[in-house]
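Geometric and topological summary
Residues per chain are reported as follows:
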Amino acid sequence: MTAASLGPVLINGEPTAPSVASVSVFDIGFQRGYGCFEAMRSYGGRPFRLEGHLDRLARSAENLLITLPERSLLSEWCLRASAPGDGVLRLYVTGGTDPRRPGTDSVVVVFLEALPEIPDAVRLDLLDAPWHADGRTSELTGAKTLSYGPNLAATIAARQRGFDDAALVGEDDVVLEGPTFSLGWIHEGAMCTPDLGSHILASITREATIEVANDLGVPVREERFHRADLLGADEVFVMSTVREVLPVIAVGPQTFDRGDLVAELRAGFRRLVAEETR
Ligand SMILES: Cc1ncc(COP(=O)(O)O)c(C=O)c1O
């Protein structure tokens, strides 16, 4: 199965038929994974939290020293590409083809992908993530770069072991995130989620879910948590643009029941999306 675009692919704003949409093999985005990207959800043609995603893209580009087109153009392209309706709006910024001056002639690709089938719960394998920044900083700290190889490899390794995806653990058993989602759980009535200090991605869904928890009066704990904290949870869930808020029913050999609080957070997140994308 090949992922396809629900509408034309915008390449630097130019509508291009999906069957011929392409980026040069000399682009260092392709050759070295140098570039950045965003994934947003379009609900009925309206991207959820477009500004937050464009802010994060701007941070990624700044870290990589990539020059972005004007923000108003990026917004316009995102809105145009979202027009067909529901889907995953993908925005990629390549490193360009000038190896001496990476990031000066980037190509911006925007298209709307069909939503994948989303299960109603997931099972996660706990995997070590020795490549993860995990509190250390580098030029790329906080950037959502095209170099997602280790994340994808973790997902594949978890699938090979019979799970749906991975939950990543860093140095000293610190719980981090999933390869493409944030982690949360409920413990004694509070929503727990690893803090951004371990340099997990500043997830837009995580941020929105914290707002939902605050509105519902659910206490929120953002801390440096360890494996035992996650395994001792009452309910576990993942948060991401594609999956929204989704219950986790297993972490490694340990199983979890679907509980009321995650259901409330999920419903609250859906309400928030409906209000903001009306
Ligand atoms: C590593 C990682 N963490 C968390 C997330 C969730 O972020 P968001 O809620 O902005 O989709 C993603 C999304 O792709 C991700 O790649």
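Model, not experiment: these values are computed from the prediction.

The rules we used
- Residues numbered from 1 in each chain as written.
- Predicted model: local features only at pLDDT ≥ 70, side-chain atom pairs only at ≥ 80, totals over all residues.
- Heavy atoms only, no water.
- Pairing = 2+ DSSP bridges.
- Helix = DSSP H or I, 4+ residues; strand = E, 2+ residues; numbered from the N terminus.
- Right-handed = clockwise from strand over helix to strand, strands pointing away.
- Buried < 20%, exposed > 50% of the residue type's maximum accessible area, 1.4 Å probe, protein only.
- 1 Å grid on protein atoms, 1.4 Å probe; cavity = no way out; pocket = protein on both sides within 12 Å on 5 of 7 lines; lining within 4 Å.
- Points joined across faces, edges and corners; volume = space filled by probe spheres on them.
- Nonpolar A, V, L, I, M, F, W, Y, C, P; charged D, E, K, R; others polar.
- Salt bridge = Lys/Arg side-chain N within 4 Å of Asp/Glu carboxyl O.
- Expected span 1.5 Å × (residues − 1).
- Arc of directions from axis to C-beta.
- Contact = heavy atoms within 4.5 Å.
- Near = heavy atom within 4 Å.
- Polar contact = N/O pair within 3.5 Å; in protein donor to acceptor, adjacent residues only side chain to side chain.
- Areas by Shrake-Rupley, 256 points an atom, 1.4 Å probe, with all protein chains shown as cover.
- Disulfide = S-S within 2.5 Å.
- Patch = residues over 30% accessible without salt bridge, like charges linked within 9 Å, V, L, I, M, F, W, Y side chains within 5 Å.

Focus on the pairing of strand β11 (residues 220-223)
Pairing of strand β10 (residues 190-194) with β11, which is carried by 4 bridges, proceeds in the parallel orientation. Following the sheet pairing, Met191 is matched in β11 by Val220. On the question of chirality, the crossover connecting β10 to the parallel β11 by way of helix α5 (residues 204-216) is right-handed.

Focus on the pairing of strand β5 (residues 87-94)
Moving residue by residue along a regular strand, the side chains alternate between the two faces of the sheet. Across the 8 residues of β5, 7 count as buried, placing the element largely inside the fold. By the bridge criterion, 8 bridges tie strand β3 (residues 35-43) to β5 in an arrangement that is antiparallel. Counterpart to Phe37 in the pairing with β5 is Tyr92.

Re empty space enclosed by the protein
Tallied over the entire structure, the rule returns 1 cavity of 30 Å³ or more. Reported here for the largest cavity is a volume of approximately 50 Å³. Arg41, Tyr43, Phe48, His53, Ile204, Thr205, Ser240, Thr241 and Phe269 together form the lining of the largest cavity. Listed by contribution, the elements that provide at least two residues to the lining of the largest cavity are β3 and α5. Residues that form the lining of the largest cavity fall into these classes: 4 nonpolar, 4 polar and 1 charged.

Some points on the pattern of salt bridges
Taken as a whole and judged by the stated rule, the model has 19 salt bridges. Linking Arg100 and Asp98 is a salt bridge whose minimum nitrogen-to-oxygen distance equals 3.5 Å. In this structure Arg100 comes out as exposed when scored by relative accessible area, which is 73%. Judged by relative accessible area, Asp98 falls into the buried class, the value being 11%. Each of Arg41, Glu244 and Arg270 takes part in salt bridges that share partners, so that together they form one network.

Re helix α7 (residues 260-276)
Between its first and last C-alpha, α7 extends 24 Å over 17 residues, near the 24 Å set by a 1.5 Å rise per residue. All of the buried residues in α7 are Leu261, Val262, Leu265, Gly268, Phe269, Leu272 and Val273. Around the axis of α7, the buried residues are gathered within 140° of arc, so they sit on the same side. Looking at the buried side of α7, the elements it contacts are β3, β9 (182-187), β10, α5, β12 (235-240) and β13 (244-251).

As for the site of the ligand
Taken together, 17 residues surround the ligand, and among them Lys144, Tyr148, Ser203, Thr205 and Thr241 come closest. Here a nitrogen atom of the ligand and a side-chain polar atom of Glu177 are 2.9 Å apart. Between the ligand and Ile204, the relevant distance is 2.9 Å, taken from an oxygen atom to a main-chain nitrogen or oxygen of the residue. Here the ligand has 390 Å² of accessible area as a free molecule, and 95% of this is covered by the chains.

So, the state of the cysteines
Applying the stated criterion across every chain, the model contains 0 disulfides. This cysteine, Cys78, is not joined by any disulfide, and Cys36 carries the nearest cysteine sulfur, 12 Å off.

Details of a nonpolar patch on the surface
On the surface, a nonpolar cluster with roughly 360 Å² of combined accessible area is contributed by Val25, Phe26 and Phe30. Along the chain, Phe30 turns up in helix α1 (residues 28-32).

Let's talk about the sheet that holds strand β6 (residues 108-113)
Spatial ordering of the open sheet is given by β2-β1-β6-β5-β3-β4, a layout of 6 strands whose pairing is antiparallel. The strands lining the two open edges of the sheet, one partner per strand, are β2 (14-16) and β4 (46-47). Sheet analysis places β5 next to β6, joined by 6 bridges and oriented antiparallel. Counted as the bridge partner of Val88 is Glu113 from β6.

With respect to the side chain of Glu244
For Glu244, the location among the structural elements is in strand β13. A distance of 2.8 Å separates polar atoms of two side chains, one belonging to Glu244 and the other to Arg270. With sequence-adjacent residues up to four places away left out, Glu244 is seen in contact with Arg41, Tyr43, Thr205, Val238, Met239, Phe269 and Arg270.

Nothing here speaks to function; it is geometry throughout.
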